[in-house]
2 protein chains.
Amino acid sequence: MDLTEHIAAIPLFEGLPDPQIEELTDIVVDQTFKRGQSIFSDGDPATGFYVVVNGKVKIYKSSPDGKEQILHIFGAGEAFGEVPMFAGGHFPANADTLEQTRLFFFPRAGFVDLIKQEPMLAMNMLGALSRRLRMLAALVDNLSLKEVPGRLAAYILHVSEADDSPDVVELAISKGQLASLLGTIPETLSRILAKMSSQGIMTVDGKKVSIIDRRKLAELAESGKLPT
Amino acid sequence: MDLTEHIAAIPLFEGLPDPQIEELTDIVVDQTFKRGQSIFSDGDPATGFYVVVNGKVKIYKSSPDGKEQILHIFGAGEAFGEVPMFAGGHFPANADTLEQTRLFFFPRAGFVDLIKQEPMLAMNMLGALSRRLRMLAALVDNLSLKEVPGRLAAYILHVSEADDSPDVVELAISKGQLASLLGTIPETLSRILAKMSSQGIMTVDGKKVSIIDRRKLAELAESGKLPT
DNA sequence: CGGGTACTTGACAATGGTCAAGTGTGGTGG
DNA sequence: CCACCACACTTGACCATTGTCAAGTACCCG
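> Is there a simple way to explain the sheet that holds strand S7 (residues 94-97) of chain B in this structure?
Hydrogen bonding along the main chain pairs the strands of a sheet, whether they run parallel or antiparallel. Ordered by their spatial adjacency, four strands build an open sheet running S2-S7-S4-S5 (chain B), and the pairing between neighbours is antiparallel. Each edge of the sheet is formed by a strand with only one pairing partner; in this case those strands are strand S2 (38-40) and strand S5 (68-74) of chain B. Neighbouring strand axes in the sheet, compared pairwise and without regard to direction, differ in orientation by 30 degrees on average. Sheet analysis places strand S4 (residues 57-62) of chain B next to S5 of chain B, joined by six bridges and oriented antiparallel. Within the sheet, the bridge partner assigned to Lys61 of chain B lies in S5 of chain B and is Gln69 of chain B. On top of the sheet, helix H5 (residues 119-145) of chain A reaches S4 and S5 of chain B; it is set at about 135 degrees to S5 of chain B, its chief contact.

What follows is the structure in structure tokens.
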């Protein structure tokens with residue numbers, strides 16, 4: 001699979017005529033990062049945006065004392081770092097790889113012109129940003145209106161549903177990262193997993209979570225509380 | 001000031017050629033809401049989006065037991081409810097007026113076509129969504145990584161800076177709404193305002209907040225803690 | 001077979017939410 | 001013009017959730 005095919009396969013570029021795909025192929029920068037490397041940091045000036053070819057990237061905010069809140073985790077085919085192209089000019093958060101990751105970097109120069117010429121590209125971009133807004137709104141909802149057990153329940157259900165609702169789901173990320181995504185710390189997550197297991201809601205074995213009582217899980221996700 | 005002028009003055013439509021402005025004038029629906037009315041609810045199917053002519057609108061999520069988290073507050077000239085036009089099809093949150101408010105409603109039909117024809121409109125829309133993402137990312141950062149005093153400090157500074165940094169700022173919203181915006185409740189906000197006053201950081205008189213020690217406020221906003 | 005990282009568990013402290021009871025204050029109607 | 005009511009805000013006592021600090025265990029990678 002060569003560069004052009006890779007680029008044509010990116011959802012963001014779906015429906016783009018071939019000449020434009022070629023144009024993108026000319027400007028793309030192919031980069032590979034090792035696990036745990038920083039791609040950019042909050043406040044860095046942005047000179048373009050990225051698409052994940054393979055691997056995983058976390059977008060996160062961090063506080064002076066080292067705590068992190070993950071905003072998104074992006075996998076193959078997903079774009080990130082577009083916001084500064086349309087507002088600001090500097091990245092609004094940090095990006096690190098979670099594993100070895102291959103990225104396509106598209107320099108800003110010229111890309112904006114391409115959008116202006118290609119309504120399809122603009123629409124795809126609008127769709128991508130809109131979905132992202134939806135996700136962030138859901139995150140705020142969770143952080144602010146649910147307690148940790150509720151957030152965890154919602155997450156498990158979300159993963160299960162995204163995978164056609166099997167009762168056994170595999171966590172794609174480490175528990176430490178999951179804690180950061182849920183806005184808590186590993187200790188708390190660990191305790192809550194233990195409590196949910198002991199209450200017969202699910203079983204946990206490493207990264208494998210088996211849902212036993214989906215109804216109780218759903219209740220919990222609706223801001224219900226875990227009985228003591 | 002007639003409809004066309006109003007529409008031409010909306011930032012989202014900046015740079016649009018006159019014929020398109022006329023087109024918008026033909027499809028716009030002019031609506032007026034009283035204070036405290038619901039414009040749409042989380043999950044409602046969306047048939048278009050809105051622009052605030054005057055007044056104030058809060059966009060918020062709410063939990064089954066009635067708690068609310070405000071995501072945004074929009075004033076004159078700002079658009080909201082565009083997300084479902086590009087992703088989903090239903091609103092991702094609730095919208096209520098905070099005071100008597102006049103809105104322009106733009107039906108979805110035709111609007112998407114207009115975007116495809118007018119790169120300028122697409123760019124404006126991308127800018128609007130990008131700024132919104134930035135704001136939400138900042139909100140998540142605050143909710144997750146700062147305690148309430150820090151969030152309040154950041155809010156006060158933000159308002160002050162948006163107004164060219166005067167030392168006396170007027171709260172645009174009620175303290176109850178501010179509590180919801182900061183992800184807390186009126187009781188807690190009240191206590192923290194009292195504490196900050198007694199520590200000589202600022203004084204509060206109704207909706208008027210006078211910043212006394214801007215340095216301490218800035219420290220606090222950087223995730224510092226309020227000394228007991 | 002190390003050695004470090006990830007995870008778990010325990011005891012403790014504290015932020016902030018709940019419940020309850022005031023204290024204004026502005027708007028309305030008598 | 002004043003009384004009254006609703007509503008926004010404040011204050012106090014209490015307690016639940018969750019973060020902190022400190023060990024200890026399991027596990028993966030080299």
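> Explanation requested: the relation of the copies chain B and chain A in the structure shown.
Related by rotation about an axis and a shift along that axis, the two copies of the chain form a pair. Of the transformation placing chain B onto chain A, the axial shift is 0.0 Å and the rotation is 180 degrees, giving an RMSD of 0.0 Å. The superposition operator between the copies reduces to a two-fold rotation axis. Most of the interface of chain B is mirrored in chain A, where 100% of its interface residues again form contacts.

> What exactly am I supposed to notice about the packing of helix H6 (residues 148-162) of chain B against helix H9 (residues 214-221) of chain B here?
How two helices pack is summed up by the angle between their axes together with the distance between the axes. Residues and elements named next belong to chain B. At a closest axis distance of 7 Å, the pairing of H6 and H9 adopts a crossing angle of 125 degrees. The angle between H6 and H9 places the two elements in the oblique class. In the packing of H6 onto H9, the handedness of the crossing is left-handed. Residue-level inspection shows Pro149, Gly150, Ala153, Ala154, Ile156, Leu157 and Ser160 of H6 in contact with H9, the latter providing Arg214, Leu217, Ala218, Leu220 and Ala221. Its residues assigned to classes, the contact of H6 with H9 comprises nine nonpolar, two polar and one charged.

> It is not clear to me how the protein's contact with DNA strand C should be interpreted in this structure. Could you clarify?
DNA strand C sits among 18 residues. The nearest are Lys175, Ser190 and Arg191 of chain A together with Val148 and Thr184 of chain B. Near the protein, meaning within 4 Å, the atoms of DNA strand C are sugar or phosphate in a fraction of 59%, with bases accounting for the rest. When residues of the surface near DNA strand C are traced back to their parent elements, those giving at least two are helix H7 (175-181) and helix H8 (186-198) of chain A together with H6 and helix H8 (186-198) of chain B. With four residues, H8 of chain A is the single largest residue contributor to the surface near DNA strand C. The residue inventory of the surface near DNA strand C, partitioned by class, reads four nonpolar, six polar and eight charged.

> I tried to follow the protein's contact with DNA strand D on my own but got confused; where do I start?
Taken together, 17 residues sit near DNA strand D, with Val148 and Thr184 of chain A together with Lys175, Ser190 and Arg191 of chain B positioned nearest. Contact between DNA strand D and Thr184 of chain A: a phosphate oxygen at 2.5 Å from a side-chain N or O atom of the residue. With respect to DNA strand D, the backbone of Gly176 of chain B contributes an N or O atom lying 2.9 Å from a phosphate oxygen. Put simply, the parts of the chain that give the surface near DNA strand D at least two residues each are helix H6 (148-162) and H8 of chain A together with helix H7 (175-181) and H8 of chain B. The biggest single contributor to the surface near DNA strand D is H8 of chain B, with four residues. The residue inventory of the surface near DNA strand D, partitioned by class, reads four nonpolar, six polar and seven charged.

> Even after reading the chapter, I still don't get the environment of Leu152 of chain A, so can you show me in this structure?
Residue and element names in this part refer to chain A. One can find Leu152 in helix H6. Classification of Leu152 as buried rests on a relative accessible area of 0%. Spatially, the C-alpha atom of Leu152 lies 8.6 Å from that of Ile192, the residues being 40 residues apart in sequence. Leave out the neighbours within four places in its chain, and Leu152 touches Leu178, Leu182, Leu189, Ile192, Leu193, Met196 and Met202.

> Sorry, what's going on with the packing of aromatic side chains here?
Aromatic ring pairs: the centre-centre distance and the angle between the two ring planes describe each pair. Tallied over the full model, the rule gives 24 aromatic pairs over all chains. Ring geometry for Tyr50 of chain A versus Phe80 of chain A: centroids 5.2 Å apart, planes at 10 degrees, classification stacked. With a gap of 30 residues between them, Tyr50 of chain A in strand S3 (residues 48-54) and Phe80 of chain A in strand S6 (residues 79-80) connect regions that are remote in the sequence. Judged by relative accessible area, which is 1%, Phe80 of chain A ranks as buried. Arranged with centres 3.6 Å apart and planes meeting at 10 degrees, the rings of Phe40 of chain B and Phe91 of chain B form a pair that is stacked. Of the two residues, Phe40 of chain B is situated in strand S2 and Phe91 of chain B in the loop between helix H3 (83-86) and S7; the sequence distance between them amounts to 51 residues. Its relative accessible area of 4% is what places Phe91 of chain B among the buried residues. Through successive ring pairs, a cluster of aromatic residues spans Phe40, Tyr50, Phe74, Phe80, Phe91 and Phe105 of chain A.

> Can you help me understand the nonpolar core in this one?
Phe13 and Phe80 of chain A together with Phe13 and Phe80 of chain B are the most contacted members of the largest nonpolar core, which has 100 residues in total. Aside from chain neighbours lying at most four places away, what touches Phe13 of chain B is Ile7, Ile21, Leu24, Phe49, Phe106, Phe111, Leu121 and Asn124 of chain B. Core analysis: the second largest hydrophobic core is formed by 28 residues, Leu98, Val169, Leu189 and Val209 of chain B among them.

> Sorry, what's going on with H8 of chain A here?
Note on helix geometry: an α-helix contains 3.6 residues per turn, so any two residues three or four positions apart are oriented the same way. Residues and elements named next belong to chain A. The terminal C-alpha atoms of H8, which comprises 13 residues, lie 18 Å apart, in line with the 18 Å expected from a rise of 1.5 Å per residue. Structurally, H8 contributes buried residues whose contacts are with H6, H7, strand S10 (202-205) and helix H9 (214-221). The first or second residue beyond H8 is Gly200, which carries a positive phi of 70 degrees.

> Even after reading the chapter, I still don't get the domain arrangement of chain A, so can you show me in this structure?
A common way to express how large an interface is: the accessible area buried when the components associate. Residue and element names in this part refer to chain A. When its domains are assigned, chain A resolves into domain 1 (3-135) and domain 2 (146-223). Taken together, the contacts link seven residues of domain 1 with six residues of domain 2. For the domain 1 and domain 2 pair, buried surface summed over both sides reaches about 620 Å², with 58% attributable to carbon and sulfur atoms. Ranking the residues of domain 1 by area buried against domain 2 places Gln69, Ile70 and Ile73 at the top, with a combined share of 54%. Along the contact surface separating domain 1 from domain 2 lie five residue pairs in polar contact (both at pLDDT 80 or more). The leading source of residues in the side of domain 1 that touches domain 2 is strand S5 (residues 68-74), at four residues. Among the residues forming the side of domain 1 that touches domain 2, the class breakdown is three nonpolar, one polar and three charged.

Conventions adopted
Residues numbered from 1 in each chain as written. Chains lettered and ligands numbered in written order. Predicted model: local features only at pLDDT ≥ 70, side-chain atom pairs only at ≥ 80, totals over all residues. Heavy atoms only, no water. Pairing = 2+ DSSP bridges. Helix = DSSP H or I, 4+ residues; strand = E, 2+ residues; numbered from the N terminus. Axes fitted to C-alpha atoms, helices over the stretch in contact; angles between N-to-C directions. Contact = heavy atoms within 4.5 Å. Least-squares fit on C-alpha atoms with pLDDT ≥ 70 in both. Parallel < 35°, antiparallel > 145°, perpendicular 65-115°, else oblique. Left-handed = near helix turned anticlockwise from the far one by under 90°. Nonpolar A, V, L, I, M, F, W, Y, C, P; charged D, E, K, R; others polar. Near = heavy atom within 4 Å. Polar contact = N/O pair within 3.5 Å; in protein donor to acceptor, adjacent residues only side chain to side chain. Buried < 20%, exposed > 50% of the residue type's maximum accessible area, 1.4 Å probe, protein only. Phe/Tyr/Trp six-rings, centres within 6.5 Å; stacked < 30°, edge-to-face > 60°. Core = buried A, V, L, I, M, F, W, Y, C linked by side-chain atoms within 4.5 Å. Expected span 1.5 Å × (residues − 1). Domains from an automatic or database assignment. Buried area = accessible area lost by both parts, 1.4 Å probe.

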